[in-house]
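Summary of structural features
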Amino acid sequence: MVPITDLQILSIWSANLYYILLCYFLTFSLFPTCTVGIGVGILGFGIFFILFGVLLYFDSVLLAFGNILFLTGLAFIIGLRRTAHFFFQRQKLRASSFFLGGVALVVLRWPRLGMLVESYGFVLLFKSFFPVAFGFLATVLNMPFLSTLFNFSGSSSSNV
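Just so it is clear, the structure is predicted and the values come from calculations on it, not from any experiment.

**A few points about the overall build of the protein chain**
If you tally the helices and strands in the protein chain, you get eight helices and zero strands. Beginning at the N terminus, the succession of helices and strands in the protein chain can be written as α-α-α-α-α-α-α-α. The buried share of the protein chain, reckoned over its 160 residues, is 26%. Within the structure as shown, the protein chain displays about 11,800 Å² of accessible surface, and the carbon and sulfur contribution to it stands at 74%.

Given below as structure tokens:
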């Protein structure tokens, strides 16, 4: 057994401290508050569990866990009051009832019907966001055929 010197211990500690400080500053430069960073992580895990639940032939436990994590991550990112305001706006009550009803059906172990109802509610809830997301993808990917495909010229009424 080779003895470890104080210089080796110091170099290991300095490397670890450098890594911790780098992660700390990168995290706070990307996400201004700690709750937003936590919310992005929880939302990512929620989407992962939903996709994994669909891949495993609509496993109800994974889908329910993914739905709960998705809603929790959304609440962490935009705040509890804004989340409640988003879901319970007068114009979006029908879409919210479909979405949250689908989540309830998944939790009650009706995964196929629940995901169908939830998907319909998701499309109704976020339909005003889809042109923005597609435009962002078209500019990020910088592909001409995507730009013409996702170019939604005309007036779009936003309910946000």
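**Looking at the nonpolar core**
Grouped together as the largest cluster of nonpolar side chains are 15 residues, with contacts concentrated most on Phe87, Phe99 and Leu125. Those elements that place two or more of their residues in this core are helix H2 (34-55), helix H3 (60-78), helix H4 (80-87), helix H5 (93-107) and helix H6 (111-125). Not counting residues up to four positions away in its chain, the partners in contact with phenylalanine 87 are Leu71, Leu74, Lys92, Ser96, Phe99 and Leu125.

**A word on H3**
For H3, with 19 residues, the first-to-last C-alpha span of 27 Å sits near the 27 Å given by 1.5 Å per residue. Within H3 the residues assigned to the buried category are Ser60, Leu62, Leu63, Ala64, Gly66, Asn67, Leu69, Phe70, Gly73, Leu74 and Ala75. Against H2, H4, H5 and H6 lie the buried residues of H3. At the exit of H3 stands glycine 79, carrying a positive phi of roughly 95°.

**Considering the packing of H2 against H3**
Contact geometry for H2 and H3: axes closest at 7 Å, N-to-C directions at 160°. When the axes of H2 and H3 are compared, the pair comes out roughly antiparallel. When you trace H2 past H3, the crossing you get is left-handed. Its residues placed into classes, the contact of H2 with H3 shows 19 nonpolar, eight polar and no charged.

**Here we look at the layout of surface pockets**
Of the pockets and cavities examined, the largest pocket occupies roughly 400 Å³. Lining of the largest pocket is provided by 15 residues; of these, Ile47, Ile50, Phe70, Phe99 and Phe122 occupy positions nearest its centre. Only H2, H3 and H6 provide two or more residues apiece to the lining of the largest pocket. Tallying contributions element by element places H3 first for the lining of the largest pocket, with five residues. The residue makeup of the lining of the largest pocket, split by class, is 12 nonpolar, two polar and one charged.

**Thoughts on the confidence of the model for the protein chain**
Confidence in the prediction for the protein chain averages 79 pLDDT; 67% of positions are at 70 or higher. Within the protein chain, helix H1 (residues 6-30) has the poorest average pLDDT of any element, 52, and H5 the best, 95.

**Quick look at the packing of aromatic side chains**
All chains considered together, the criterion is met by 11 aromatic pairs. A ring pair is formed by phenylalanine 87 and phenylalanine 99, whose centres lie 5.8 Å apart and whose planes are at 15°; its orientation type is stacked. Note that phenylalanine 87 is positioned in helix H4 and phenylalanine 99 in helix H5, a separation of 12 residues in sequence. Classification of phenylalanine 99 by relative accessible area gives buried; the value is 2%.

**Let's talk about a nonpolar patch on the surface**
A surface patch of nonpolar side chains, about 540 Å² in accessible area, is lined by Phe45, Phe48, Phe52, Leu55 and Leu56. Secondary-structure assignment places leucine 55 in helix H2.

**As for the environment of leucine 71**
Within the fold, leucine 71 resides in helix H3. Accessibility expressed as a relative area gives 21% for leucine 71, which makes it partly exposed. Each C-alpha atom of the pair leucine 71 and threonine 83 lies 8.8 Å from the other, and the pair is 12 residues apart in sequence. Not counting chain neighbours up to four residues away, the residues in contact with leucine 71 comprise Phe87, Phe99, Leu100 and Val103.

Rules of the game
By convention here, each chain's residues receive numbers from 1 onward along its written sequence. Residues qualify for local features only when their pLDDT is at least 70, as the model is predicted, and side-chain atom pairs are given and counted only at 80 or more; totals for whole chains, interfaces and linings, by contrast, use all residues. Heavy atoms throughout the structure, all of them, feed into the side-chain values; hydrogens and water do not. Each helix is a run of H or I in the DSSP string that is no shorter than four residues. Each strand is a run of E no shorter than two, and both are numbered from the N terminus. Exposed residues in this analysis have more than 50% of their type's maximum accessible area, buried residues have under 20%, and partly exposed residues fall in between, with area computed by a 1.4 Å probe over protein chains only. The Shrake-Rupley method, run with a 1.4 Å probe, gives the accessible areas here. Residue values count only the displayed protein chains as cover. As used in this record, nonpolar core signifies buried Ala, Val, Leu, Ile, Met, Phe, Trp, Tyr and Cys residues forming a set joined through side-chain atoms within 4.5 Å. Contact between two residues is taken to exist if any of their heavy atoms lie within 4.5 Å; hydrogens are not considered. To estimate how far a helix should extend, the number of its residues minus one is multiplied by 1.5 Å. Helix axes are fitted only over the stretch in contact, all axes being lines through C-alpha atoms; the angle between N-to-C directions runs from 0 to 180 degrees. Orientation is classified from the angle alone, with under 35 degrees giving roughly parallel, over 145 giving roughly antiparallel, 65 to 115 giving roughly perpendicular, and any other angle giving oblique. Each crossing is labelled by how the near helix is turned from the far one, with a counterclockwise turn of less than a right angle marking it left-handed and a clockwise turn marking it right-handed. For this classification, Asp, Glu, Lys and Arg are treated as charged, while Ala, Val, Leu, Ile, Met, Phe, Trp, Tyr, Cys and Pro are nonpolar and the rest, including Gly, are polar. Both site types are read off a 1 Å grid over the protein atoms alone. A 1.4 Å probe that fits but cannot get out defines a cavity, while an open set with protein on both sides within 12 Å along at least five of seven lines defines a pocket; lining residues have an atom within 4 Å of a point. Grid points are joined across faces, edges and corners, and a volume is the space filled by probe spheres set on the points. How sure the predictor is of each residue is captured by pLDDT, a score from 0 to 100. Paired rings are identified among Phe, Tyr and Trp, the last through its six-membered ring, by centres lying within 6.5 Å, and are further divided according to the angle between planes into stacked (under 30 degrees), edge-to-face (over 60) and tilted (the rest). Here, patches come from residues exposed beyond 30% relative accessible area and free of salt bridges, joined within 9 Å for like charges and within 5 Å for nonpolar side chains (Val, Leu, Ile, Met, Phe, Trp, Tyr). Between Lys or Arg on one side and Asp or Glu on the other, a salt bridge is scored when a side-chain nitrogen of the former is within 4 Å of a carboxyl oxygen of the latter.

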